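# Survey of secondary and tertiary structure
Below, each chain spelled out in residue letters.
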Amino acid sequence: MIAPPDLQRRLSAFLDDEMSVAAPERLVSDALTATARTVRRPAWRIPERWIPMPVTLRLAIVPRALIYLLILSILLAMLAAGGLVVGSLQRAVSPAPPTGVARNGLIAYSDLGDIWLVDERGEQRQQLTSGPDMDFTGAWSPDGTTLAYWSIVGYDGDPANESQRWSQGTSGNKLALRLISIDDPEPRTLASVSSTPYQAGQRFRLVTSTAIHRLRASCARGGWARSATAQHRRP
Amino acid sequence: MSADLVERAMAGDLEAFNELVRRRIDQLYAMARLILRDPERAADATQEALVAAWRDIAGLRDPDRFESWVRRLLINACYQQARRDRRRRHYEGSVVTIDPTTPDPAMVLADRDQVERAFTHLDEQQRALIVLHFYYDLPLAETAASLGLPVGTVKSRLHRTIQRLRTSLDADARAADLAERFA
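A brief structural summary. These numbers were taken from a predicted model, which means no experiment stands behind them.

What counts and how
Residue numbers restart at each chain and count upward from 1, following the sequence in its written direction. Each chain is given a letter, starting from A, and each ligand a number, starting from 1, according to the order in which they appear as written. The predicted nature of this model means local features are confined to residues of pLDDT at least 70 and side-chain atom pairs, given and counted, to a pLDDT of 80 or more, with totals for whole chains, interfaces and linings taken over all residues. Think of the side-chain values as coming from all heavy atoms in the structure, minus any hydrogens and water. Only heavy atoms matter for contacts: two residues are in contact if any of them lie within 4.5 Å across the pair. Once two parts are put together, the accessible area they lose, assessed with a 1.4 Å probe and summed over both, is termed the buried area. Note on definitions: salt bridges are taken to be side-chain nitrogens of Lys or Arg within 4 Å of carboxyl oxygens of Asp or Glu. By the criterion applied in these results, polar contacts are pairs of N or O atoms within 3.5 Å in which, for protein atoms, one can donate a hydrogen and the other can accept it, and in which residues neighboring in sequence qualify only through two side-chain atoms. We count a stretch as a helix when DSSP gives it H or I for four or more residues in a row; a strand needs E for two or more, and each element gets its number in order from the N terminus. In this description, strands pair whenever DSSP reports at least two bridges between them. Two rings from Phe, Tyr or Trp (for Trp, the six-membered ring) form a pair when their centres sit within 6.5 Å of each other. Planes less than 30 degrees apart are called stacked, planes more than 60 degrees apart edge-to-face, and all others tilted. Categorising residues by exposure relies on relative accessible area from a 1.4 Å probe, with only protein chains included: less than 20% of the type maximum marks a residue as buried, more than 50% marks it as exposed, and the intermediate range marks it as partly exposed. Any Lys NZ or Arg CZ that is within 6 Å of a ring centre and within 35 degrees of that ring's normal is treated as a charge sitting over the ring.

## Section: the interface of chain A and chain B
The interface of chain A with chain B comprises 34 residues on the first partner and 51 residues on the second. Carbon and sulfur atoms make up 68% of the surface buried where chain A meets chain B, a total of about 3,800 Å² over both sides. Linking chain A with chain B are 5 salt bridges. Glu18 of chain A is the partner of Arg112 of chain B in a salt bridge, and the nearest nitrogen-oxygen pair spans 2.6 Å. Where chain A meets chain B, there are 12 residue pairs in polar contact (both at pLDDT 80 or more). For the side of chain A that touches chain B, the secondary-structure elements that each account for two or more residues are α1 (5-19) and α2 (25-37) of chain A.

Here's what the structure looks like:
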């Protein structure tokens, strides 16, 4: 903003005149006395002292859902690691027993709905289980005295029909887990399940008070459960 | 050297600061008197500004800015003085020395009185603005820095101040004309 020349000239003359006034002598002496009594403030300094204090870090940018997902992933990883550790401990304590060799060195196999024993040369064949039920291969206990095996109770002798009924869940028969000792050939049923549609890889887990007999049933697509394995584990 | 004195005063040399005071106090007092229009309050404001300058000079970052820094301290001290006693208003009538070479001393005196009356009608902030911009010839940015205001605010205030001065001068001139006509 520029003032009109006339106003600027008059203003400048007035200001020059006013600014030529000298300060009173008393003011000079008073000011010098007052400043002599005034304590100076220190100059600016960079603060060098660190004050310990609790600091809470907040991730303002990361969405809360992402944090939950991260926590869940960590928990799942911990659970998986725990399961691996426990599993390895179990294996170390109770190594997998020989599933096909009894204490007396005979090998169990299934044939014609019964379980048979035979030595490694294929001789000394003897029948372990008998009866109308369809028995098939299980696994020996760790001490090799007891065999756990599968048995279909009420089997009518036709494998094709039985396989179809089991895969459709229409069979009235039961799948039983049985134990039989080489010293006492009287089978003992631990547990049984009714016929349900099952698929390849489906697991049957039957638990008793003395041991865990974990059997895995498998079948070809649309076919009969051709093999089953049983694994003895200490509780 | 003024810069040398400032640096010594910043280091705590009271004698150097006193020398600075002796060199600047006339101009500071005159400026305070212009802003406050009262010699007593101007003296108080000048002393306050100088005391504040000595108290805080160690924190001055650039010795070359000493002049403008003290000016700003003085303006703040003037504002404080004005706030302290708004009711006490008596204006000083200064004795003007007339240059005998001037064509018409009576006209010069009358013209100066008119400007002074118009100037007195301004408030303290407007007077400080006029002194900084028209006496020290400070550009707008520097005037704004001295007043601690944004440049835009200073620009609009300067515009209003000049308008007010012109209005007062015009009214005074019309009144003088009427008085002369009906005399």
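## Notes on the sheet that holds strand β3 (residues 126-127) of chain A
Residue and element names in this part refer to chain A. With antiparallel pairing, 3 strands are arranged side by side in an open sheet as β1-β2-β3. Both edges of this open sheet fall to β1 (107-111) and β3, since each of them pairs with a single strand only. Relative to β3, strand β2 (residues 114-118) runs antiparallel, the two sharing 2 bridges. For Leu117, the partnering residue across the bridge sits in β3 and is Gln126.

## Digging into the packing of aromatic side chains
For the structure on display, the rule yields 4 aromatic pairs over all chains. Judged by centre distance (6.2 Å) and plane angle (50°), the rings of Phe66 of chain B and Trp69 of chain B are tilted. On the criterion of helical spacing, the pair formed by Phe66 of chain B and Trp69 of chain B is a turn pair, its members being 3 residues apart in helix α4 (residues 66-84). Residues Tyr135 of chain B and Tyr136 of chain B carry aromatic rings whose centres are separated by 5.1 Å and whose planes lie at 85° to one another, so their mutual orientation is edge-to-face. Judged by its relative accessible area of 18%, Tyr136 of chain B falls in the buried class. Across the ring face of Trp54 of chain B, the terminal group of Arg40 of chain A is positioned such that the distance to the ring centre comes to 5.0 Å. Sitting over the ring of Trp116 of chain A, Arg125 of chain A keeps its end group 3.8 Å from the ring centre.

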